[in-house]
Amino acid sequence: MNTYDAIVIGTGQAGPSLASRLAASGMQVAVIERKLFGGTCVNTGCIPTKTMVASAYAAHLARRAVEFGVGAGPVTVEMKLVKARKDLISGQSRTSVESWLKSLQNCTVYEGHARFESAREVSVGGVRLSAPRIFINTGGRASVPPLEGVGEVPYLNNSSMMGVDFLPRHLIVVGGSYIGLEFGQMFRRFGSEVTIVEMGPRLVQREDEDVSAAIKDILEAEGIQIRLNAKCIRLSKRGEEIRAGVDCKDGEPEVAGSHLLLAVGRRPNTDDLGLDKAGVATDDRGYIVVDDQLRTNVDGIWALGDCNGKGGFTHTSYNDFEIAAANLLDNDPRRVSDRIPTYALFIDPPLGRCGLTQSEAAKTHKILVGQRAMTRVSRAVEKGETQGFMKIVVDEGTKKILGAAILGVGGDEAIHSILDVMYADKPYAVIQRAVHIHPTVCELIPTMLGELKPA
Ligand SMILES: Cc1cc2nc3c(=O)[nH]c(=O)nc-3n(C[C@H](O)[C@H](O)[C@H](O)COP(=O)(O)OP(=O)(O)OC[C@H]3O[C@@H](n4cnc5c(N)ncnc54)[C@H](O)[C@@H]3O)c2cc1C
């Protein structure tokens, strides 16, 4: 039995930073990783996908070069080089997490699958470790939906997509949400035919209807086929072709493609951790139940990141580390409920989001809404990237900002100017009276706030 002050299971976005803080405070720390250091974001999520989105953007802009007065020949995409660039950037990040952890004083790294043996004991390989504090940062994985025929056809997910170094002739993407849309647009730009099949009546259903509709227009303008209301999806293989039977209201009853990507949600890595031996409670979807300071129902065990179902993003997992460290080491009672929801959809142009959607806000507040098309943002016009719009939702009584969406060039960055005023908990006039740099997307946020109207 090896005894430590703390055990960290998983090296996602919370575990390594927490291990470093705990070790720096003088604790003896064990870190356990079963596969790739850095977890999802580094190896099969944010970093590789955004690297590939950048390659896809380069191809897209090169095809449009003549619009900017730049001569360019036919554009070719070399998928092996796209993958090599992605592998290099993602690999550097993985190596740096691994070497950082292995070089930390007071920290021992174990490579293998961790399982609880009791509320204080974890086994990895043939070794047993014990500690009075155990932090779970085991993340999640792609879920496989119970679609008819799913066991009879080959399919890709976000992990296996990382090995693709060829151009699928026709990629069928099942799932019209964040991951599916990013992969769908990038492969269309690489040169594949792409069909996105979504069971619901619109894409990214968490967003307002006008945002979903604008995203659909952007993707369709690039030649992506979108099949909505695909209530009952049946998968089959005929020769080399994969077929997806779709009960859509409109269009052909079957989509035929060369490759299939399932992008239909994720599930937490909690089913193979031996949580029952520790008595740690999960909800009906397998997420570990935590309180506002990320403590599980078992004293001395915390859960951080995607496995607790409170975030689902790299920045929320990292914030979980900050909350746990602040409570444990800094006597600073930070909480999950201090956090304002924010995220981006990294299609091009991207969608930056913060706070409530308009439809969510309208359920509980009397709201004012400001809106501006990107065709009326001079920076977007100058860049030749005028798709999308931005909107902001304000509480009529308190004059505080409730939420915003910026679907347009630079939307993933510009959203922070709104988010920070929300964190400051100030009325919208603070940002309306601020002088922003010309020409930027942000400079139109004060103008948009000057044109607020009742919803
Ligand atoms: C395609 C894709 C794109 C994404 N893009 C974005 C984006 O642009 N922005 C964003 O904010 N988020 C994005 N995300 C989400 C983001 O990747 C995750 O929210 C983030 O990685 C946080 O994960 P985590 O810290 O909970 O754990 P993870 O990063 O999932 O890491 C968990 C680690 O624990 C290890 N592990 C699991 N079980 C055990 C065990 N029993 N023993 C030992 N080790 C174990 C795993 O091997 C893994 O290394 C994306 C996700 C995907 C799939």
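Below, the structure is looked at part by part. Please read these numbers as outputs of a predicted model, since none were measured by experiment.

## Notes on the pairing of strand β15 (residues 254–257)
Next up, step 1: Side chains Val255 and Gly257 of β15 all project onto a buried face; the interleaved residues Glu254 and Ala256 project onto a face where none is buried.
Next up, step 2: Note that strand β14 (residues 241–246) and β15 share four bridges and pair antiparallel. The residue bridging alanine 244 from the neighbouring strand is valine 255, located in β15.

## Here we look at the sheet that holds strand β4 (residues 107–111)
Next up, step 1: Taking strand neighbours across the sheet as the criterion, the five strands line up as β4-β3-β2-β8-β18 in an open arrangement whose pairing is parallel. One side of each edge strand has no neighbouring strand; the edge strands of this open sheet are β4 and β18 (301–303). In this sheet, adjacent strand axes meet at a mean angle of 15 degrees when their direction is disregarded.
Next up, step 2: With respect to the sheet, helix α4 (residues 79–103) is in contact with β3 (29–33) and β4, its orientation differing from that of β4 by roughly 130 degrees.

## Topic: the site of the ligand
Next up, step 1: Not every one of the 38 residues close to the ligand is listed here, only the nearest: Gln13, Glu33, Thr40, Asp306 and Ser317.
Next up, step 2: Between leucine 36 and the ligand, the recorded distance is 3.3 Å, taken from a backbone N or O atom to an oxygen atom.
Next up, step 3: The separation between a nitrogen atom of the ligand and a polar side-chain atom of histidine 113 is 3.4 Å.
Next up, step 4: Out of a free accessible area of 1,000 Å², the ligand has 94% covered by protein chains.
Next up, step 5: Within the residue set of the shell around the ligand, elements represented by two or more residues are β3, α2 (39–43), α3 (46–63) and α8 (314–329).

## What to know about unusual backbone geometry
Next up, step 1: For the peptide bond that leads from aspartate 348 to proline 349, omega is -5 degrees, which places it in the cis range.
Next up, step 2: Residue proline 439 follows histidine 438 across a cis peptide bond; omega there is -10 degrees.
Next up, step 3: Position of proline 439 relative to the elements: it lies in the loop between α12 (429–432) and α13 (444–449).
Next up, step 4: Here asparagine 106, not a glycine, exhibits a phi torsion of approximately 70 degrees, which is positive.

## Some points on the pairing of strand β19 (residues 342–345)
Next up, step 1: Side-chain alternation along β19 places Thr342 and Ala344 on one buried face and Tyr343 and Leu345 on a second face that is also buried.
Next up, step 2: As paired strands, β19 and strand β20 (residues 351–355) are joined by four bridges and run antiparallel to one another. Bridge pairing in β20 places threonine 342 opposite cysteine 354.
Next up, step 3: Here β19 hands over to β20 after five residues, the two strands then running antiparallel side by side.

## As for α8
Next up, step 1: Taking 1.5 Å as the rise per residue, α8 with 16 residues should run 22 Å; its terminal C-alpha atoms sit 22 Å apart, in good agreement.
Next up, step 2: Thr316, Ser317, Asn319, Asp320, Phe321, Ile323, Ala324, Ala325 and Ala326 are the residues of α8 that are buried.
Next up, step 3: Lining the buried residues of α8 we find α1 (15–24).
Next up, step 4: Immediately downstream of α8, the backbone of asparagine 331 shows phi near 55 degrees, a positive value.

## Some thoughts on the nonpolar core
Where a protein is soluble and globular, its nonpolar side chains tend to be buried together.
Next up, step 1: Membership of the largest hydrophobic core comes to 48 residues, with the highest contact counts inside it found for Ile7, Ile9, Ile32, Phe116 and Ile136.
Next up, step 2: Sequence-distant contacts of isoleucine 136, defined by excluding residues within four places in its chain, comprise Ile9, Phe116, Leu273, Leu275, Ile288, Ile301, Trp302, Ala303, Leu304 and Cys307.
Next up, step 3: Counting 38 residues, the second largest nonpolar core, distinct from the first, contains Val82, Leu171, Leu203 and Ile218.

## Examining the sheet that holds β15
Next up, step 1: Pairing in this open sheet of three strands is antiparallel, and the strands run β13-β14-β15 from one edge to the other. Single-partner strands in this sheet number two, and they are β13 (233–238) and β15. Sheet twist, expressed as the mean angle between neighbouring strand axes with direction ignored, is 20 degrees.

## Brief notes about the environment of glutamate 209
Next up, step 1: Mapped onto the elements of the fold, glutamate 209 is located in helix α6 (residues 209–221).
Next up, step 2: Exposure remark for glutamate 209: the relative accessible area of 59% places this residue in the exposed category.
Next up, step 3: A C-alpha to C-alpha distance of 19 Å links glutamate 209 and leucine 452, two positions 243 residues apart in sequence.

## What to know about the packing of α1 against α8
Next up, step 1: Running from N to C, α1 and α8 point in directions that differ by 20 degrees, and their axes come no closer than 9 Å. By the criterion of interaxial angle, the relationship of α1 to α8 is roughly parallel. For the pair α1 and α8, the sense of crossing is right-handed. When α1 is examined against α8, the residues Ser17, Leu18, Arg21 and Leu22 are found in contact with a partner set consisting of Tyr318, Phe321, Ala324, Ala325 and Leu329.

## Examining the packing of aromatic side chains
Next up, step 1: By the definition in use, this model includes six aromatic pairs.
Next up, step 2: For the ring pair tyrosine 4 and tyrosine 110, a centre distance of 6.2 Å and an interplane angle of 90 degrees mean the geometry is edge-to-face. Of this pair, tyrosine 4 sits in the loop between β1 (2–3) and β2 (6–9) while tyrosine 110 is found in strand β4, placing the two residues 106 residues apart along the sequence.
Next up, step 3: Since its relative accessible area comes to 10%, tyrosine 4 is described here as buried.
Next up, step 4: Here tyrosine 110 falls in the buried class, since its relative accessible area comes to 14%.
Next up, step 5: Ring geometry for phenylalanine 313 versus tyrosine 343: centroids 5.4 Å apart, planes at 0 degrees, classification stacked.

Conventions used here
Residues numbered from 1 in each chain as written. Predicted model: local features only at pLDDT ≥ 70, side-chain atom pairs only at ≥ 80, totals over all residues. Heavy atoms only, no water. Buried < 20%, exposed > 50% of the residue type's maximum accessible area, 1.4 Å probe, protein only. Helix = DSSP H or I, 4+ residues; strand = E, 2+ residues; numbered from the N terminus. Pairing = 2+ DSSP bridges. Axes fitted to C-alpha atoms, helices over the stretch in contact; angles between N-to-C directions. Contact = heavy atoms within 4.5 Å. Near = heavy atom within 4 Å. Polar contact = N/O pair within 3.5 Å; in protein donor to acceptor, adjacent residues only side chain to side chain. Areas by Shrake-Rupley, 256 points an atom, 1.4 Å probe, with all protein chains shown as cover. Expected span 1.5 Å × (residues − 1). Core = buried A, V, L, I, M, F, W, Y, C linked by side-chain atoms within 4.5 Å. Parallel < 35°, antiparallel > 145°, perpendicular 65-115°, else oblique. Left-handed = near helix turned anticlockwise from the far one by under 90°. Phe/Tyr/Trp six-rings, centres within 6.5 Å; stacked < 30°, edge-to-face > 60°.

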